[in-house]
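The residues making up each chain are set out below.
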Amino acid sequence: MMKGLKKWRLFSLLAVLTVFLAGCGQEELSTLLPAGQVGRDQFNLLILSSVIMLVVIIVVVTIYVIALVRFRRSKLGEDFIPEQVEGSHKLELVWTVLPILLILLLAVPTVYYTYKLGDVAAMGEVDEDGNPENLIVDVTAKLYWWEFEYPDLGIVTAQELVVPMDEKVYFNLIAADVKHSFWIPAVGGKLDTNVDNVNKFYLVFDKDSNDIKNGDGVFYGKCAELCGPSHALMDFKVKTMPRPEFDQWVTSMQATGEKQIVANEQGEEVFNQSCIACHAVSAVGGSNEKQGPNLATFGDRNRVAGFMDHDKESLIDWIKDTQKHKPGNKMPSFGEQLSDQELDVLAEYLMGLSVEQ
Ligand SMILES: [Cu+2]
């Protein structure tokens, strides 16, 4: 009977663990599968500190259990007085020096990497021709979406960060309204985006996001600072690609400043009436001019509003009732203003905003 019960307990423990651990190790969003040098450095620190803590726990628990078992009153009798060790030099030395060593072992690499990963000295460097050596992205976090501006390339995008692989990409992080936090679990972070000061750091992306099997070809980014009712939906996506492909993407983004191919002219008309006040459809020009995200490459995105499926139905759903999907967000719902036919052509038009072939 006892044996059966024990087996059953073990089984349920394993079952629960399976559910928990199933959440780990997904390439597109796991710190445990780092996809860049920064992520790897952070991961190694994590392992180092976990191992040290584990050793301490094991040693302490072992001593504790030995003491419990060996010095039971029932075993040694009421009058037993154990050996008195007060003032023992040997013991005092052990429990002073060992923790100091452990803390040094933790502190030295932690401080080293904190400075290394925060080193943005190379950020503004230019080559002989005066061209910037490194890619810089200005990130602005807003309730509840992300804007990515490439100041040296003259383009801006939203919700989807596109970066070249195998080089340092430098970030200027700022928030427009309240405090948010920029985090790409598989690649590195997180760093707060504050309202009144710019935080800087760099990341390295060394895996092609195209090769991620179940992540739709993107890494997942998150807001990691509770910022309001839709905080949990404040996601963004990261596309990484080889340098030549990235350069191509930049060129086509820059071309959205000129006349674009319009997939649905009626849709464009509706857009120009109801939406253009808050949304730009050209990636060229500064940020912060409009209240809503830049929609220049909306057709190439992987999500609507950062988290909904990227298809026509979800898009129409979003425009009709934005507040149902993302409570508290700054876009009004249009379900009452626009007819089904208008919504349909509008969605057709937006899905056609594409620079990828
Ligand atoms: Cu948030």
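Parameters at a glance
- Residues numbered from 1 in each chain as written.
- Predicted model: local features only at pLDDT ≥ 70, side-chain atom pairs only at ≥ 80, totals over all residues.
- Heavy atoms only, no water.
- UniProt positions renumbered as here; feature names shortened; annotations may be inferred.
- Helix = DSSP H or I, 4+ residues; strand = E, 2+ residues; numbered from the N terminus.
- Pairing = 2+ DSSP bridges.
- Axes fitted to C-alpha atoms, helices over the stretch in contact; angles between N-to-C directions.
- Contact = heavy atoms within 4.5 Å.
- Donors = N, O, S within 2.8 Å, 3.2 Å for Na, K, Ca; no water.
- Tetrahedral: all angles 85-135°; square planar, octahedral: opposite > 155°, others 65-115°.
- Buried < 20%, exposed > 50% of the residue type's maximum accessible area, 1.4 Å probe, protein only.
- 1 Å grid on protein atoms, 1.4 Å probe; cavity = no way out; pocket = protein on both sides within 12 Å on 5 of 7 lines; lining within 4 Å.
- Points joined across faces, edges and corners; volume = space filled by probe spheres on them.
- Nonpolar A, V, L, I, M, F, W, Y, C, P; charged D, E, K, R; others polar.
- Disulfide = S-S within 2.5 Å.
- Core = buried A, V, L, I, M, F, W, Y, C linked by side-chain atoms within 4.5 Å.
- Domains from an automatic or database assignment.
- Phe/Tyr/Trp six-rings, centres within 6.5 Å; stacked < 30°, edge-to-face > 60°.
- Lys NZ or Arg CZ within 6 Å of the ring centre and 35° of its normal.
- Salt bridge = Lys/Arg side-chain N within 4 Å of Asp/Glu carboxyl O.

**Q** Hey, could you go over the UniProt feature "transmembrane region" (unreviewed entry) in the chain for me, with residue numbers and the actual values?
**A** UniProt's entry tags residues 45-71 and 92-115 with the feature "transmembrane region" (unreviewed entry), counted in the numbering of this structure. Here residues 45-71 runs as 96% helix and 0% strand, with 39 Å between its end C-alpha atoms. Annotated as residues 92-115, this span is 100% helix and 0% strand, and its ends, taken at the C-alpha atoms, are 35 Å apart.

**Q** A description of the sheet that holds strand S10 (residues 236-241) should follow, citing residues and the corresponding values.
**A** On the basis of which strands lie adjacent, the open sheet formed by five strands has the order S4-S10-S9-S6-S7 and mixed pairing. At either end of the open sheet lies a strand with only one pairing partner, and these are strand S4 (160-164) and strand S7 (188-193). For this sheet, the mean angle separating the axes of adjacent strands, direction not counted, is 20°. Judged from the two bridges that link them, strand S6 (residues 180-184) and strand S9 (residues 219-223) form a sheet pairing that is antiparallel. Across the sheet, residue Trp183 finds its bridge partner in S9, namely Lys222. Packed on one face of the sheet, helix H5 (residues 243-255) meets S4 and S10 and runs near 130° to S4.

**Q** Tell me about the coordination of the copper ion, residues and numbers included.
**A** Binding of the copper ion to the protein goes through Cys223 (SG), Glu225 (O), Cys227 (SG) and His231 (ND1), at separations of 2.0 to 2.5 Å. Because the angles between the four donor atoms bound to the copper ion fall within 85 to 129°, the donor set is best described as tetrahedral. Motif for the copper ion, donor spacing along one chain: C-x1-E-x1-C-x3-H. Per residue, the accessibility class of Cys223 equals that of Cys227, and both read buried.

**Q** Which residues make up the layout of surface pockets, and what are the values?
**A** By volume, the largest pocket is sized at about 550 Å³. Lining of the largest pocket is provided by 16 residues; of these, Val59, Ile63, Leu91, Val94 and Trp95 occupy positions nearest its centre. Among the elements of the structure, helix H2 (37-70) and helix H4 (89-117) are those that each provide at least two residues to the lining of the largest pocket. Broken down by element, the lining of the largest pocket gets its largest block of residues, seven residues, from H2. Computed from the structure, the second largest pocket encloses a volume of approximately 470 Å³.

**Q** Can you tell me about empty space enclosed by the protein, naming the residues and giving the values?
**A** Under the definition given, this model contains two cavities of 30 Å³ or more. Gln159, Glu160, Lys237, Arg301, Asn302, Arg303 and Gly306 together form the lining of the second largest cavity. For the lining of the second largest cavity, the per-class residue count stands at no nonpolar, three polar and four charged.

**Q** Got a sec to walk through the state of the cysteines? Specific residues and values, please.
**A** A complete count under the given rule lists zero disulfides for this structure. Here Cys275 stays free of any disulfide, with the sulfur of Cys278 as its closest cysteine sulfur at 8.7 Å. For Cys275, a relative accessible area of 13% corresponds to the buried category.

**Q** With reference to specific residues and values, describe the nonpolar core.
**A** Across soluble globular proteins, nonpolar side chains have a tendency to be buried as a group. Tyr150, Leu161, Phe171, Phe182, Ile184 and Trp249 are the most contacted members of the largest nonpolar core, which has 47 residues in total. No other element matches strand S1 (residues 135-142), which puts five residues into this core. Both domains that furnish three or more residues to this core are identified here as domain 1 (30-78 + 85-117) and domain 2 (135-351). Residues Phe271, Cys275, Leu295 and Leu350 belong to the second largest nonpolar core, which totals 23 residues.

**Q** Any chance you could break down the packing of aromatic side chains for me, citing the residues and the numbers?
**A** Following the criterion strictly, the structure yields 13 aromatic pairs and no others. Between Tyr112 and Tyr113, the aromatic rings sit 5.0 Å apart at their centres with planes inclined by 75°, giving edge-to-face as the arrangement. Three or more aromatic residues joined by ring pairs make a cluster, and in this case those are Trp146, Phe148, Phe171, Phe182, Phe201 and Phe236. The ring centre of Trp183 lies 4.7 Å from the NZ or CZ of Lys190, which sits over that ring. The ring of Tyr220 is capped by Lys237, whose NZ or CZ atom sits 4.7 Å from the centre of that ring.

**Q** How would you sum up the pattern of salt bridges? Please name residues and give values.
**A** Any two side chains of opposite charge can pair, on the condition that their charged atoms come close. Evaluated as defined, the whole model comprises ten salt bridges. Between Lys142 and Glu147 there is a salt bridge, with its nearest N and O atoms 3.6 Å apart. When its relative accessible area of 9% is taken as the criterion, Lys142 is described as buried. Judged by relative accessible area, Glu147 falls into the buried class, the value being 4%. We note a salt bridge from Glu160 to Lys239, for which the minimum N-O separation is 3.1 Å. You can see Glu160 sitting in strand S4 and its partner Lys239 sitting in strand S10, a full 79 residues away along the chain. Each of Glu167, Arg243 and Asp247 takes part in a single network of salt bridges with overlapping partners.

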